[in-house]
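Inside the fold
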Amino acid sequence: MILEVERAAICSHARRLAPDGLAVATSGNLSIRDGALVAVTPTGVRYSTLKPSDIPIVGLDGEPVDGSLRPTSELPMHLAVYNHATDPDGSPVNAVVHTHSAHATAVSTLVDELPPIHYLVATIGPSVRVAPYATYGTAALATHILTALESRRGCLLANHGTVTYGATLGAAYDRARQLEWLCQVWLLARSGGTPALLPQDEIEQVVEKLRGYGQG
């Protein structure tokens with residue numbers, strides 16, 4: 001079976017979506033790119049039952065390569081990111097995570113950009129934009145997402161959810177969780193009054209500070 005490791009990784013992360021508060025039922029979707037091939041969650045299948053053999057494989061043009069199940073209806077979004085998005089630091093774009101997390105979706109209905117409530121905004125970029133609404137699975141939505149992702153590793157989708165990417169599925173998934181946490185913090189602070197926000201130059205400083213963060 002081709003991309004067996006990648007298919008197994010998608011299954012294990014997909015099973016975490018609901019417990020981590022990032023999706024409900026069969027919403028949300030994940031993918032991993034390996035060269036010219038993309039392993040992606042199938043449409044309408046409960047993640048608790050997913051097996052590696054259930055994961056469809058498509059080309060970067062969307063044409064099916066392997067697997068009997070149809071890929072997620074959000075495949076245009078995933079392919080647009082792989083074909084056109086560029087990581088701010090030049091890291092490869094090898095994984096995409098799309099969630100319907102509650103706090104992030106709520107924030108997407110209130111603002112055009114997530115306010116800089118915490119320096120972890122810098123894990124996405126200088127700011128976190130909200131892509132304008134378009135019907136799910138459409139080329140219009142993919143286009144809006146690409147604009148919002150310019151020099152960013154993630155964005156909110158108006159009245160919809162989030163998209164994050166990374167060099168690995170783990171990195172993309174962690175960003176999705178961090179983005180949901182940031183939105184939750186802002187909503188909590190806003191419910192109690194007017195939050196104090198960080199200045200943009202501080203966020204940009206942290207963006208630079210995070211370059212090369214970790215053990216390499």
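The structure reproduced in this document is the subject of the present report. (Residues numbered from 1 in each chain as written. Predicted model: local features only at pLDDT ≥ 70, side-chain atom pairs only at ≥ 80, totals over all residues. Heavy atoms only, no water.)

A short note on unusual backbone geometry
Note the cut-off: We count a stretch as a helix when DSSP gives it H or I for four or more residues in a row; a strand needs E for two or more, and each element gets its number in order from the N terminus. Any residue under 20% of the maximum accessible area for its type is buried, any over 50% is exposed, and the rest in between are partly exposed; the area is computed with a 1.4 Å probe on protein chains only.
The backbone of L3 sits at a positive phi, close to 50°, despite the residue not being glycine. Position of L3 relative to the elements: it lies in the segment before α1 (4-14). Residue S151 is not a glycine yet carries a positive backbone phi of 60°. Structurally, the position occupied by S151 is in the loop between α4 (139-148) and β8 (154-157). Taking the relative accessible area as the measure of exposure, S151 reaches 47% and is therefore partly exposed.

Structural notes on the pairing of strand β2 (residues 37-40)
Put simply, the rule is: Strand pairing is defined by DSSP finding a minimum of two bridges between the two strands.
One ladder, built from four bridges, connects strand β1 (residues 29-34) with β2; its direction is antiparallel. Its bridge partner lying in β2, R33 is registered against V38. Counting the residues in the hairpin turn of β1 and β2 gives two residues, including G35, whose phi is positive at 65°. For β2 and strand β3 (residues 57-59), the ladder comprises three bridges, and the chain directions are antiparallel. Directly across from A39, in β3, lies its bridge partner I57.

Focus: the pattern of salt bridges
It is possible for side chains bearing opposite charge to pair when their charged atoms get close. Stated precisely, the cut-off is as follows: Just to be clear on terms, a salt bridge is a Lys or Arg side-chain nitrogen sitting within 4 Å of an Asp or Glu carboxyl oxygen.
The full count for this structure, using the stated rule, is seven salt bridges. The closest approach of N and O atoms between D54 and K51, which form a salt bridge, is 3.3 Å. As a salt-bridge pair, R211 and E208 come within 3.0 Å of each other at their nearest N and O atoms. Under the relative-accessibility criterion, R211 is labelled partly exposed at 37%. One salt-bridge network, in which partners are shared between bridges, spans D87, D89, R153, E208 and R211.

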